[in-house]
Structures are given as structure tokens and as C-alpha cells.
Amino acid sequence: MSRKQVLRSEPGQGPGPGRAPLADDTGCPILHVDMDAFFASVELLDRPELKGTPVIIGAAGARGVVLSATYEARAYGVHSAMPMTRARRLCPQAVIIPPSHGKYSAVSKGVMEIFHAITPEVEPISSDEAFLDVGGALRRLGPSAEIAALIRAQVAERHGITCSVGVASSKFVAKLASRHCKPDGLLVIPAGGVVEFLHPLPVAALWGVGERTEQALVRLGIKTVGDLAQVPPSTLQREFGAAGAHLAALAWGRDDRRVTPHVPDKSIGAEETFSHDVDDPEAIRRELLRLSERVAARLRSGGHVGRTVSVKLRRSDFTTITRSRTLREATDVAKEIYATACDLYGAAGLDRVRLRLVGVRVENLRPAGTATRQLGLGERETGWREAEMAMDKAMRRFGPEAVRPASLVRSPFDGIDL
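Below, the structure is looked at part by part. Bear in mind the structure is a predicted one, so any value in this text is a computation, not a measurement.

Criteria and cut-off values
- Residues numbered from 1 in each chain as written.
- Predicted model: local features only at pLDDT ≥ 70, side-chain atom pairs only at ≥ 80, totals over all residues.
- Heavy atoms only, no water.
- Buried < 20%, exposed > 50% of the residue type's maximum accessible area, 1.4 Å probe, protein only.
- Helix = DSSP H or I, 4+ residues; strand = E, 2+ residues; numbered from the N terminus.
- Arc of directions from axis to C-beta.
- Contact = heavy atoms within 4.5 Å.
- Phe/Tyr/Trp six-rings, centres within 6.5 Å; stacked < 30°, edge-to-face > 60°.

The next thing to look at is helix H12 (residues 242–251). Regarding H12, the residues found buried are Ala243, Gly244, Leu247, Ala248, Leu250 and Ala251. Each buried residue of H12 lies within a common arc of 165° when the element is viewed along its axis, so the set occupies one face. Where H12 is buried, its residues meet helix H7 (171–180), helix H8 (194–198), helix H9 (211–219), helix H10 (225–229) and helix H11 (233–240). Positive backbone phi, at 75°, marks glycine 253, one or two positions downstream of H12.

Here it is as C-alpha cells:
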């Protein structure tokens with residue numbers, strides 16, 4: 001793709017004397033804005049002496065996981081969600097900084113305010129990224145690429161961090177573009193250049209292609225998006241079921257999902273205060289299961305899915321500990337919420353510590369119909385979610401006492417690889 005078609009720019013770059021013209025953004029109202037190494041960048045505002053060095057954000061304990069890492073640490077193979085023990089082996093010289101979620105929330109709020117000043121059509125994906133539809137702001141603020149440059153300049157000026165922005169005709173391509181120009185870049189994919197941009201990419205770049213699906217495609221000789229585009233959709237559907245049609249559409253850049261504004265800080269949760277303090281981990285996990293089922297049912301009844309799962313753990317001395325994790329994909333499935341809640345409880349190191357209250361909450365909500373779900377090779381079209389929806393129906397018909405899997409001594413997920 002030529003220089004005239006795609007442009008990486010510096011913050012605030014736009015038309016002017018001595019500057020390269022911005023790429024043709026006609027018909028490209030969709031922006032995907034993604035902060036660069038967000039948690040790490042926010043921490044470095046208070047530790048400027050660490051800029052340019054490997055820094056990892058996360059709990060340093062044996063059960064800790066990486067929340068964020070500078071690009072200097074990523075060069076050693078460190079990435080988010082990696083166990084901290086492995087990250088320290090890969091990059092022993094890295095500085096480990098414990099997370100400060102209050103700081104991240106404050107900066108995230110400020111960044112989202114910048115987005116909403118541009119357009120009301122903002123769809124937050126997490127605390128550090130969002131889709132924007134700037135079609136309604138073009139007459140007021142200029143072409144999409146100039147708006148993207150304006151956003152980058154304001155984020156850098158007001159908050160001292162950088163972001164990368166993809167500009168395209170669809171959400172799928174805009175997200176790929178922002179990933180392609182990281183860190184600290186701006187990339188426009190013209191409406192007429194989508195296929196030229198997509199087809200050289202590895203097939204794993206497609207939304208929904210996980211490791212197992214990628215391996216299956218490679219076994220079929222499909223290594224790039226261009227290879228995939230040449231396979232008849234009927235063949236893909238025969239091999240991958242409903243996922244095949246999805247893959248065929250993305251291979252040609254077809255994605256008709258709209259930017260869907262929603263309130264990013266809405267959440268749904270449930271908590272329980274024990275009649276007496278409990279220090280039995282199995283009893284606590286059973287309560288986490290019951291609460292996960294309640295939260296999942298409320299999500300489904302409200303038509304929501306959420307990406308962030310948190311647990312609240314109150315000790316007998318009233319000390320309250322909260323832990324949270326943002327999932328790769330939004331969910332309304334109790335199995336997934338429960339597995340994450342148990343991981344968070346285990347990582348808190350409170351085994352045999354007496355607890356008086358536990359709670360489960362799901363945040364970063366969005367309408368269920370707008371969520372993108374990772375497609376797994378050989379995955380059934382019906383599964384856990386459908387089973388839980390059937391349980392919802394039974395409970396509405398026969399009452400809450402009719403179906404109560406959480407009351408069983410053994411978890412219904414025992415023996416299942418979560």
C-alpha cells in the first residue's frame with residue numbers, strides 16, 4: 001500500500017506547510033483509539049526516570065499476573081495476563097510496580113471526556129480503548145484523520161500519555177489499523193484500500209481466529225487473509241460451521257456492526273454476608289458460585305454482557321479487599337464469571353482467612369447483541385450459555401427452588417477444564 005494511501009503520523013499532525021498530506025479518509029468515519037501500554041504509561045508519569053526501561057505492572061507475588069508492561073519489557077516477550085513468575089524470568093531486570101487502579105480510573109475518565117467532546121457516538125471497549133463514529137463531527141472538526149490527530153494531541157497534552165488511532169470504514173479494520181501503528185501512531189485505511197491492507201496479513205489477525213482455529217486453517221494451507229479470501233464460503237462453513245461465514249466476510253473486510261454508545265461504568269453485582277465468619281475455602285467457592293449464577297442471570301435478563309469481573313472479600317476485622325480482572329471477551333455466562341472469581345479469590349491469598357462477606361460484580365457492560373465472541377474450532381453452536389438460559393426459563397416457570405445447582409455440595413463445574 002502506497003504512502004498516499006496509508007499514513008503514520010506524529011501527534012497533532014495534519015495538513016500544513018512542509019507536512020505530508022493525510023491519507024484519503026473519505027468514507028472512513030470509524031476510529032479505534034487505544035492507549036499505549038496504558039497502566040504502565042500512567043505509572044511512568046510519577047516515575048519519569050524509568051522511561052525507556054523495562055517496567056511491569058502487577059502484583060509481585062507468586063500468583064500475580066502482568067496487568068501491563070512497557071514496550072521495552074514486551075521486547076523480552078512479556079505481555080499482559082502472563083504469570084508474574086514467568087515475566088520475571090523473561091525480563092529479570094524489569095522494575096515491578098504494583099497497580100494503582102484509582103490513578104488509572106481517573107486518567108481513563110479524562111480520556112473518555114475527550115472522546116465525548118468530539119462525538120456522542122463513543123463505544124468504550126475497556127478503560128483504555130474505544131470506538132468512535134465521527135461522521136456527525138466532520139463538518140464541525142474536519143476530516144476523520146484530522147479528528148484522529150486532534151484526539152492524539154489532546155490526550156498527550158492533557159494526560160501526558162500516548163495513544164494509537166486507526167481510521168477506517170468499519171470497526172474491524174479500524175481496530176486492526178490501530179494495532180498496526182502502535183505505539184504512538186495514526187493509520188488510515190482508505191475505503192478502497194481495505195482488501196490491499198488485509199490480504200497480506202496472517203490469518204490470525206482476523207477477529208475471532210484463536211489459536212486452535214489458526215492451526216486448523218494452517219493445516220488446510222491457509223496462512224494469510226488473502227489465502228482465506230480465495231476459499232469458497234461454502235467450504236469454510238463445511239469446515240467450521242457458522243464461524244465459516246464469519247471468517248469469509250472478514251477476509252474481504254465486511255463488517256456492518258455500528259458503534260453503539262453505552263455507559264461504560266455501569267455494573268451488576270451480588271454479595272452475601274455470612275451468618276458467621278467462614279474460613280473454609282470450599283464453602284467460600286460455593287458461595288462465589290451462587291453469586292456468579294445470580295449475576296449472570298441478571299446480566300442475561302437485562303440484555304447485558306460485561307468484560308470485567310471483580311470479587312469483594314471482607315475479613316472478620318472488616319478489612320475489605322477487592323480484586324478484578326478484565327477478560328478478553330465480554331460474557332454473561334456463570335461458568336466464566338465463576339472461574340474468574342475463583343482465580344481472583346485464590347490470588348488474594350486468603351485461604352483459611354476468616355471472611356464475613358463475599359461479593360461478585362461484573363463491570364464494563366455493553367448490550368449483548370453488540371459483543372464479539374471468540375470463535376473456537378469445533379465449538380458447538382449451543383453450549384453453556386444456552387444451558388444457563390434454559391435454567392433461567394425453568395426458574396421463571398417453577399420458581400427459584402426448582403433449579404439450584406449452587407446448593408449442591410460439589411460444584412457443577414468440577415472435573416471441567418475451566
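A few words now on the environment of alanine 243. Of note, alanine 243 is situated in helix H12. Placed 34 residues apart in sequence, alanine 243 and valine 209 show a C-alpha to C-alpha distance of 9.4 Å.

For the rest of this paragraph, the subject is the packing of aromatic side chains. One pass over the full model with this rule turns up three aromatic pairs. Centroid distance phenylalanine 38 to tyrosine 104: 6.5 Å. Interplanar angle 55°. Geometry classified as tilted. Here tyrosine 104 lies in helix H4 (residues 101–118) and phenylalanine 38 lies in helix H1 (residues 38–46), a separation of 66 residues in the sequence. Accessibility expressed as a relative area gives 3% for phenylalanine 38, which makes it buried. Accessibility expressed as a relative area gives 3% for tyrosine 104, which makes it buried. Consider the rings of phenylalanine 39 and tyrosine 104, whose centres lie 4.2 Å apart with planes at 10°: the pair is stacked. Linking phenylalanine 39 in helix H1 with tyrosine 104 in helix H4, this pair joins segments that are 65 residues apart in sequence.

Treat this as a map of the structure, not an account of what it does.
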